[in-house]
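# Working through the structure, step by step
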Amino acid sequence: MSFPNVIYGRYGQEKVAQSTAINSFPYGQIMVLPDGREFVHARAQTSTALLPGQVQVAGSSIPDHGCGTADQLLANSAAIGATSIVVTAGGTTAIAADYYVDGSMGVRDDTGEGLLYRVKANNSTATGSTCTVTLEPTDGLKVALGGTTTVSLRRSPYRDVLVRATGSAMVGPVVGVPVVAVSAGFYTWLQRRGLGQGLVAATTVVIGQPVYASSATAGAVAGFNQASTATAVYNEVESLGSCHAISGSTEYATINWNIK
């Protein structure tokens, strides 16, 4: 089944949360409301519920699946145009069936390196065994893979999202903000652009001030200023929008979200 890149919803549809994929949409489907607010289709991590107005991040990647410092996924040779790629799983982490649906396969090293492909399906395998990764029919290999090519598999950033925890390190990039309470493992829409509510950390923000994900309060935003950014880990400080209407600390303010 195919979907348009962007669908247009009605007010209130962004507040849906349910146990199955909304209208069978894929992870990452974009919905825009009449006032321009933008949302993306996502699912909460199976062990963690989501709260409205709190910043969510993508779940962590699996180093053994090509996302660490070692080359753990060796691909078989494959010709230009191929959509069925056989990889051998190294490390100690098995690959679950369809874990990478709507995710990506990146060519990590050697022949064909530097390209990224969309994953349609994958079968399961134990470590040391082979797994077939099926690419989208329209996204076959542009460059053939050699026998020493290694790849990385990354699930959709919108699958198994969780609240941005305290501390400077994030397990994944910021992906959006739910606008309704969401049970663990449920599907919903995460807001990425336009006016919405956001939890404010202990330091209040002022109108027009850019905000970023707080490292001090889980799921909250803090305002950019010289004091707060002087000790920040700069590669993790990214503007998520700006304050539109203020509130007290640890309360919810109106934020003009602009999450990329």
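Residues numbered from 1 in each chain as written. Predicted model: local features only at pLDDT ≥ 70, side-chain atom pairs only at ≥ 80, totals over all residues. Heavy atoms only, no water.

### Regarding the nonpolar core
If you look at soluble globular proteins, the nonpolar side chains tend to sit buried side by side. By size, the foremost hydrophobic cluster in this structure holds 22 residues, and its most contacted members are Ile85, Val87, Met105, Val133 and Leu141. Those elements giving two or more residues to this core turn out to be strand 6 (73–75), strand 7 (84–89), strand 8 (104–109), strand 9 (116–122), strand 10 (130–135) and strand 11 (150–154). Once you skip the residues sitting within four places of it in the chain, Val87 turns out to touch Leu73, Leu74, Ala75, Ser129, Thr130, Cys131, Val133 and Val151. Tyr27, Val40, Ala58 and Tyr187 belong to the second largest nonpolar core, which has 19 residues in total. (Core = buried A, V, L, I, M, F, W, Y, C linked by side-chain atoms within 4.5 Å. Buried < 20%, exposed > 50% of the residue type's maximum accessible area, 1.4 Å probe, protein only. Helix = DSSP H or I, 4+ residues; strand = E, 2+ residues; numbered from the N terminus. Contact = heavy atoms within 4.5 Å.)

### Notes on the pattern of salt bridges
Two side chains of opposite charge can pair, provided their charged atoms sit close to one another. Tallied over the full model, the rule gives 10 salt bridges. Here Arg118 makes a salt bridge to Asp102, at a shortest N to O gap of 3.2 Å. Of this pair, Arg118 sits in strand 9 while Asp102 sits in the loop between strand 7 and strand 8, placing them 16 residues apart in sequence. The exposure class assigned to Arg118 is partly exposed, which follows from its relative accessible area of 32%. The network of salt bridges with shared partners includes Glu14, Lys15, Asp35 and Arg37. (Salt bridge = Lys/Arg side-chain N within 4 Å of Asp/Glu carboxyl O.)

### Some thoughts on the side chain of Gln191
Here Gln191 shows up in strand 14 (residues 187–199). Of the residues examined, Gln191 reaches a relative accessible area of 2% and is grouped as buried. Within the structure, Gln191 has its side chain in polar contact with the backbone oxygen of Arg193 (distance 3.2 Å). In this structure the side chain of Gln191 is engaged in a polar contact, spanning 3.0 Å, whose partner is the backbone oxygen of Leu195. When residues no more than four places from it in sequence are discounted, the contact partners of Gln191 are Arg37, Glu38, Phe39, Gly176, Val177, Val179, Gly196, Trp257 and Ile259. (Polar contact = N/O pair within 3.5 Å; in protein donor to acceptor, adjacent residues only side chain to side chain.)

### With respect to the environment of Val32
Tracing the sequence through the fold places Val32 in strand 3 (residues 30–32). Expressed as a C-alpha distance, the spacing of Val32 and Tyr11, which sit 21 residues apart in the sequence, is 9.7 Å.

### Some words on the packing of aromatic side chains
Inspection of every chain in the model, using the stated rule, returns 4 aromatic pairs. An angle of 85° between the planes, with centres 4.9 Å apart, marks the rings of Tyr99 and Tyr100 as edge-to-face. (Phe/Tyr/Trp six-rings, centres within 6.5 Å; stacked < 30°, edge-to-face > 60°.)

### Some remarks on a nonpolar patch on the surface
A cluster of nonpolar side chains, namely Val206, Ile207 and Ile246, defines an oily patch on the protein surface of about 310 Å² accessible area. Of note, Ile246 is situated in the loop between strand 17 (241–245) and strand 18 (252–258). Overall, the relative accessible area of 54% leaves Ile246 in the exposed class. (Patch = residues over 30% accessible without salt bridge, like charges linked within 9 Å, V, L, I, M, F, W, Y side chains within 5 Å. Areas by Shrake-Rupley, 256 points an atom, 1.4 Å probe, with all protein chains shown as cover.)

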